[in-house]
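Secondary and tertiary structure notes
Chain residues, written in single-letter form:
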Amino acid sequence: MKRTPIKKIFSSGKLGERILVKGWVRTFRNNQFISINDGSTINNIQAVIDSSQTSEDIKAKLNPGASVSVLGALVESLGKGQSFEVQVEKLDILGESDPQVYPLQPKKHSLEFLREKSHLRPRTNTIGSVLRIRNEVAYGIHQFFYERGFYYLNTPIITGSDAEGAGETFRVTNFDIENLPLDEEKKVDFKQDFFGKPVNLTVSGQLEAEAGAMSLGNVYTFGPTFRAENSNTSRHLAEFWMIEPEMAFVELEENIEVAEEMLKYLIKRVVENCNDDLEFLDKRLADEEKTKPEKDRSELGLVEKLKFVLENEFEKISYSEAIDILKNSKPNKKKKFKFPVEWGIDLQSEHERFLVEKHFKKPIVVYDYPKGIKAFYMKQNDDGKTVRAMDVLFPGIGEIIGGSQREEGLDKLKTRMQEMNVLQEDLWWYLELRKFGTAPHSGFGLGFERFVQFVTGMGNIRDVCLFPRFPQHAEF
Ligand code: 4AD
Ligand code: MG
């Protein structure tokens, strides 16, 4: 007999049906009631044993974390809120769990504690819910683009370029680093390295995706990216996943439209398909909010916030308008911002949060940024000062999407590369995309974990992946 996932039992089980359940014990109460979870849903199923017919040895092993196999008939549950429970005919302990040392005893654990037990934490309601929602979002992304005729591309993970030019790359080599080969000038001789040149883990699949767009039309990537930025924040990972659509014959305005449509599509999908998990996370967040001082509490609950984003059009403002608003803002006049506001600055998190959470109170798209703070590939505006960049800023998260129209003019691109010290020899192929049949094109990058953070209401990005990677931390 095959096991039936608990999710399926609750959705389509029938009274009297004999089923096989396999999962992990959450609790064992009154010598009779075993609460079992198998990860398919947040809901546990209750298995009821006949205590007098069950050996003391087996009962002593029904500890939190033990894995069990239960065969029995589905009967109506007397417990509140549950439709079914299992009347146990046969119970086997598959794997024991010593209650003296099992870390996930049935009580509330802090997220910090759970991070140290990342190999077990998906068994908790919180992390289990987050990972199930993460799956829903990933599937939704593919479906969104598939429905719109975009082709999914896998761009290389090992690359010679630093697309964002931020110099935060992880070097990849098969050199014996204790014993590096040197050339005549006593410099490391990369000709002898595996690829015959220095390479790194990709920070973005964009440049390669542009080659895809310039042939297949509309494409997207969805893959891991790596950044060695030393940002120990709740929104940065050293390894994160990015979704990067790239569209031929599309300009900035349409790029922004696609971004907004995609974000809403994904949020709607989570609201519609992840009821049980969302309900739990909504309560979790509400409890967490209660521990904060009143002035720092969010006005909306998680589900309310998601619905609010769905129902409201994102505000679109230029960078220059954003700076004007910030300059005239109360916190600026009262010198409450840590970073001064001047045209040309990179917007800091405090500025983004003011605009999104205090001023507009909804997601905003900021476009036309100063060229000095953006990457070399962005399309230059005629004013000579700004580029056709756009960032989508979300409440509680800040920047969730970064994108732009791309510079399609060969000469303009070359000049900009020179100004920004981007080597043309390395990107000869990227320049050829402008030489042979260049065309307007645009794209953006959505930080997958930041989005999952938003829809789950988790305060720390380290809690929305299985095994997070951040400075000084590659455990598991
Ligand atoms: O703004 P970014 O750097 O844009 C790019 O990489 C472009 N090449 C995208 C494109 O146009 N195709 O990064 C895009 C998004 C950010 O808005 C943010 O959500 C996320 O990636 N991101 C990170 N997420 C987690 N940890 C980090 N260290 C991140 N850095 C960026
Ligand atoms: Mg960015």
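Residues numbered from 1 in each chain as written. Chains lettered and ligands numbered in written order. Predicted model: local features only at pLDDT ≥ 70, side-chain atom pairs only at ≥ 80, totals over all residues. Heavy atoms only, no water.

1. Structural notes on the site of ligand 1
Looking at ligand 1, there are 24 residues lining it, with Glu-164, Gln-206, Glu-229, Glu-244 and Glu-399 nearest. Between ligand 1 and the protein, one listed contact pairs a nitrogen atom with a side-chain N or O atom of Glu-164 at 2.7 Å. For ligand 1, an oxygen atom lies 2.8 Å from a polar atom in the side chain of Arg-227. For the shell around ligand 1, the elements supplying multiple residues, two or more each, are strand E11 (239-248), strand E15 (398-405) and strand E16 (441-447). Among the elements that take part in the shell around ligand 1, E15 stands out by supplying five residues, more than any other. Looking at the shell around ligand 1, its residues break down into eight nonpolar, eight polar and eight charged. (Near = heavy atom within 4 Å. Polar contact = N/O pair within 3.5 Å; in protein donor to acceptor, adjacent residues only side chain to side chain. Helix = DSSP H or I, 4+ residues; strand = E, 2+ residues; numbered from the N terminus. Nonpolar A, V, L, I, M, F, W, Y, C, P; charged D, E, K, R; others polar.)

2. Overview of the packing of helix H5 (residues 206-216) against helix H13 (residues 428-435)
Helix packing geometry: the angle between the two helix axes and the distance between the axes. At their nearest, the axes of H5 and H13 sit 10 Å apart, and the two run at 30° to each other. With respect to their mutual orientation, H5 and H13 come out roughly parallel. Crossing handedness for the pair H5 and H13: left-handed. Contacts between H5 and H13 pair Gln-206, Leu-207, Glu-208, Glu-210, Ala-211 and Met-214 from the former with Trp-429, Tyr-430, Leu-433 and Arg-434 from the latter. In terms of residue class, the contact of H5 with H13 is made up of six nonpolar, one polar and three charged. (Axes fitted to C-alpha atoms, helices over the stretch in contact; angles between N-to-C directions. Parallel < 35°, antiparallel > 145°, perpendicular 65-115°, else oblique. Left-handed = near helix turned anticlockwise from the far one by under 90°. Contact = heavy atoms within 4.5 Å.)

3. Structural notes on H5
Since there are 3.6 residues in each turn of an α-helix, residues three or four apart along the chain are aligned in direction. Within the span of H5, buried status applies to Gln-206, Leu-207, Glu-208, Ala-209, Glu-210, Gly-212 and Ala-213. Looking at the buried positions of H5, the neighbouring elements they touch are strand E6 (151-153), strand E7 (158-159), strand E10 (218-226), E11, H13 and E16. Gly-217, located one to two residues past H5, shows a positive phi value of around 95°. (Buried < 20%, exposed > 50% of the residue type's maximum accessible area, 1.4 Å probe, protein only.)

4. Quick word on the nonpolar core
The biggest cluster of nonpolar side chains holds 57 residues, and the ones touching the most others in it are Val-392, Phe-394 and Ile-401. Considering each element in turn, this core owes the most residues, eleven residues, to helix H6 (residues 252-273). Excluding its chain neighbours within four sequence positions, the residues that come into contact with Phe-394 are Leu-263, Ile-267, Val-309, Phe-314, Val-356, Pro-363, Ile-400 and Phe-454. By size, the runner-up hydrophobic cluster in this structure holds 33 residues, among which are Leu-355, Ala-375, Val-387 and Val-422. (Core = buried A, V, L, I, M, F, W, Y, C linked by side-chain atoms within 4.5 Å.)

5. A word on the pattern of salt bridges
Under the definition given, this model contains 32 salt bridges. Here Glu-260 ties to Lys-264 by a salt bridge, and the two come within 2.8 Å at their closest N and O atoms. Taken together, the residues span about one helical turn, with Glu-260 and Lys-264 both in helix H6 at a distance of four residues. Between Asp-287 and Lys-290 there is a salt bridge; the shortest N-O distance is 3.6 Å. Residue Asp-287 and its partner Lys-290 are located together in helix H7 (residues 275-290), separated by three residues, close to a single helical turn. The exposure class of Lys-290 is exposed, given its relative accessible area of 59%. The network of salt bridges with common partners includes Glu-210, Glu-246, Arg-406 and Arg-434. (Salt bridge = Lys/Arg side-chain N within 4 Å of Asp/Glu carboxyl O.)

6. Overview of the environment of Met-247
Along the chain, Met-247 turns up in strand E11. Considered as a pair, Met-247 and Gly-217 are 30 residues apart in the sequence and their alpha carbons are 6.0 Å apart. For Met-247, the contacting residues outside a window of four places in its chain are Phe-150, Ala-213, Gly-217, Asn-218, Asn-255, Val-258, Pro-440, His-441, Ser-442 and Gly-443.

7. Considering the sheet that holds E15
If you walk across this open sheet you meet the eight strands as E6-E10-E11-E16-E15-E14-E13-E12, and the pairing is mixed. The open sheet has two edge strands, E6 and strand E12 (315-318), and neither has a second partner. Each neighbouring strand pair of the sheet contributes to a mean axis angle of 20°, computed without reference to strand direction. Both strand E13 (residues 364-370) and strand E14 (residues 386-394) contribute to a ladder of six bridges, which runs antiparallel. Pairing of Tyr-367 across the sheet is with Met-390, part of E14. Across the sheet, H5 touches E6, E10, E11 and E16, and the angle it forms with E11 is around 30°. (Pairing = 2+ DSSP bridges.)

8. Let's talk about unusual backbone geometry
Unusually for a residue other than glycine, Lys-186 sits at a positive phi of about 65°. Assignment of secondary structure puts Lys-186 in the loop between strand E8 (171-172) and strand E9 (199-201). Despite not being glycine, Phe-249 shows a phi value in the positive range, around 60°. Tracing the backbone through its elements, the reader meets Phe-249 in the loop between E11 and H6. Looking at Phe-249, the relative accessible area reads 65%, which means it is exposed.

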